[in-house]
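Okay, here's what each chain looks like letter by letter:
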Amino acid sequence: LQSLDVANNQLRELPAALADCPRLKEANFRGNQLRDKRLEKMVNGCQTKAILEYLRAGGRGKGKTESGREDVRKKKREKQKKDSGDGEQDEVEEASKLLVKVLHVSENPAPLVVKVSPGVKDVRAFIVCCVLKGVNLKPGNALKRFLTMQTKLHEDICEKRTVATIATHDLQLVKAPLTYDVQPPDELKITPLGRKEIKAKDLLRQLQLEAEEQRKQKKRQNVSGLHRYLQLLDGKDNYPCLVDAEGAVISFPPITNSEKTKIRKETRDLFLEVTSDTSLQICKDVMDTLILKIAELNRSALENKEGSGSDVESDAFCGPGNLNLPLVVEQVRVVDTDGNLKVLYPSKTDLATVSSLLTVIR
């Protein structure tokens, strides 16, 4: 058993025998009224591995697993305290945490919606999106650091884009509504970052030739950059793409974004997108981490700006005393062609993976 989905049933408890399934990597138990309230919280906010460990230990307070996890949490808290300066009070630590405010769809006069076509199911089934407002990429090398951060996430949590791919866009350049669709390689056209408009089939061929040339010149076996991800589309009859209201492809995962929605120093509002052919939860975990990293960069950019006095402008957001002003995360609904909700991000259980470093105002 590798995957188990028993969400929204009438289960009152989960059998401990589930912990004896060594290949079980994805399990969805949400929406059940479990007697063990702690377990109920875990199924809404924790990864499968943690839930299975809890079941293996026999539930609340039994076995060594739970106390072991508490030791790990204690060490993490001590490390965070040490990193932020010994002797600081809890109130000071809380005040210094990064802030993110969630704007719910019901409070948003013009919420962004992404419609998913049925064809993506067999190509790259999962997508999670949101809008992030209030970033500041003007000071110093803030934009460069932002792009470097995205590359590192692709290497680490996205496992070289094999489990998920991130795309970031300038919201002002995104023409809604959006459609997550598939198109044949010889029909899909995109203007890749730093290139002219090209068909997906020709782009991949061009990248392949560049990769071979690069390998010969550097006399290496491995290739770098976009060239490493070409094999992820091997054997696909259709390619995934995010299409705007004007019919332009703004994202071609896992290869590239479009020049049309490219982020610049002046960009203040972002449209964030994470896709995967592995699982929806991986998309959410990656998005959680992406928002945290952007919040960290934003704080750093504002602190550097205040300290250096460079790039002075009359923007109140960047004024003294506003370093802890929250970024605003707007919920984005992903729906099927009939308008039925597939995923809403961030939901009340999202951003839990980064809650130790991020204060979320809901």
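Because the structure is a prediction, the values reported are computed rather than measured.

Reading guide: rules and limits
- Residues numbered from 1 in each chain as written.
- Predicted model: local features only at pLDDT ≥ 70, side-chain atom pairs only at ≥ 80, totals over all residues.
- Heavy atoms only, no water.
- Core = buried A, V, L, I, M, F, W, Y, C linked by side-chain atoms within 4.5 Å.
- Buried < 20%, exposed > 50% of the residue type's maximum accessible area, 1.4 Å probe, protein only.
- Contact = heavy atoms within 4.5 Å.
- Phe/Tyr/Trp six-rings, centres within 6.5 Å; stacked < 30°, edge-to-face > 60°.
- Helix = DSSP H or I, 4+ residues; strand = E, 2+ residues; numbered from the N terminus.
- Axes fitted to C-alpha atoms, helices over the stretch in contact; angles between N-to-C directions.
- Parallel < 35°, antiparallel > 145°, perpendicular 65-115°, else oblique.
- Left-handed = near helix turned anticlockwise from the far one by under 90°.
- Lys, Arg positive; Asp, Glu negative; His and termini not counted.
- Salt bridge = Lys/Arg side-chain N within 4 Å of Asp/Glu carboxyl O.
- Polar contact = N/O pair within 3.5 Å; in protein donor to acceptor, adjacent residues only side chain to side chain.
- Arc of directions from axis to C-beta.
- Disulfide = S-S within 2.5 Å.
- Pairing = 2+ DSSP bridges.

### With respect to the nonpolar core
Piece 1. Judged by nonpolar contacts, the single largest core of 53 residues is most densely connected at Val114, Phe271, Leu272, Met287, Ile291, Ile294 and Leu358.
Piece 2. Look past the residues within four positions of Phe271 in its chain and what remains in contact with it is Leu112, Val114, Cys129, Cys130, Val131, Ala167, Thr168, His169, Leu171, Val174, Leu178 and Leu242.
Piece 3. Counting residues in hydrophobic clusters, the runner-up holds 16 residues, among them Leu188, Ile190, Leu203 and Leu230.

### Re the packing of aromatic side chains
The relation between two aromatic rings is expressed through the spacing of the ring centres and the mutual angle of the planes.
Piece 1. All told, the structure shown has one aromatic pair when counted by the stated rule.
Piece 2. Considering the side-chain rings of Tyr239 and Phe252, the 5.5 Å spacing of their centres and the 25° angle between planes classify their relative orientation as stacked. Here Phe252 lies in strand S11 (residues 249-252) and Tyr239 lies in strand S10 (residues 239-243), a separation of 13 residues in the sequence. By the burial criterion, Tyr239 is buried, and Phe252 matches it.

### Things to note about the packing of helix H1 (residues 37-45) against helix H2 (residues 48-56)
Piece 1. Packing of H1 against H2 brings their axes to within 9 Å, and their N-to-C directions diverge by 160°. Taken together, the axes of H1 and H2 are roughly antiparallel relative to one another. H2 is crossed by H1, and the crossing has left-handed handedness. For the pair formed by H1 and H2, the contact residues are Arg38, Leu39, Met42 and Val43 on the first element and Ala50, Ile51, Tyr54 and Leu55 on the second.

### Considering the side chain of Asp170
Piece 1. Within the secondary structure, Asp170 sits in strand S6 (residues 165-170).
Piece 2. One buried charged side chain, Asp170, makes no salt bridge at all; its nearest oppositely charged neighbour is Arg264, positioned 5.3 Å away.
Piece 3. Among the polar contacts listed, one links the side chain of Asp170 to the backbone nitrogen of Gln172, at a separation of 3.0 Å.
Piece 4. Within polar-contact distance, the side chain of Asp170 engages the side chain of Thr267 at 2.8 Å.
Piece 5. With residues near it in sequence (within four places) discarded, Asp170 still touches Thr261, Lys262, Ile263, Thr267 and Asp269.

### Considerations on H1
Piece 1. Of the residues making up H1, those classed as buried are Leu39, Glu40, Met42 and Val43. Buried residues of H1, viewed axially, fall in a sector of 160°; they line one side.
Piece 2. The N-cap residue of H1 is Asp36: its side-chain oxygen and the backbone nitrogen of Arg38 are 3.1 Å apart.

### A closer look at the state of the cysteines
Working definition: the covalent bond between the sulfur atoms of two cysteines is a disulfide.
Piece 1. Per the stated rule, a full pass over the model turns up zero disulfides.
Piece 2. The closest cysteine sulfur to the non-disulfide-bonded Cys129 is located on Cys130, 7.8 Å from its own sulfur.

### Re the environment of Gln331
Piece 1. Mapped onto the elements, Gln331 comes out in strand S14 (residues 327-335).
Piece 2. For Gln331, a relative accessible area of 5% corresponds to the buried category.
Piece 3. Gln331 sits 226 residues away from Val105 along the chain, and the two C-alpha atoms are 5.7 Å apart.
Piece 4. Only 2.9 Å separates the side chain of Gln331 from the backbone nitrogen of Val105, close enough to count as a polar contact.
Piece 5. At a separation of 2.7 Å, a polar atom in the side chain of Gln331 contacts the main-chain carbonyl oxygen of Pro346.

### Side note on the pairing of strand S7 (residues 178-183)
Piece 1. Of the pairings in the sheet, the one linking strand S4 (residues 113-116) to S7 comprises three bridges and is parallel in character. Opposite Lys115, over in S7, you have Thr179 as the bridge partner.
Piece 2. Sheet topology note: the S7/S10 ladder contains five bridges and is antiparallel. Paired with Val182 across the bridge in S10 is Pro240.

### Things to note about unusual backbone geometry
A negative phi holds for most residues other than glycine; trans holds for most peptide bonds.
Piece 1. In this chain, Ala176 is followed by Pro177 through a cis amide linkage whose omega measures 0°.
Piece 2. Along the polypeptide, Pro177 turns up in the loop between S6 and S7.
Piece 3. Residue Pro254 follows Pro253 across a cis peptide bond; omega there is 5°.
Piece 4. In this fold, Pro254 is placed in the loop between S11 and strand S12 (256-257).
Piece 5. With phi around 50°, Glu159 is a residue other than glycine that occupies positive phi space.
Piece 6. On the secondary structure map, Glu159 appears in the loop between helix H5 (142-155) and S6.
Piece 7. Taking the relative accessible area as the measure of exposure, Glu159 reaches 48% and is therefore partly exposed.
Piece 8. Phi is positive for Lys160, which is not a glycine, with a value near 55°.
Piece 9. Secondary-structure assignment places Lys160 in the loop between H5 and S6.

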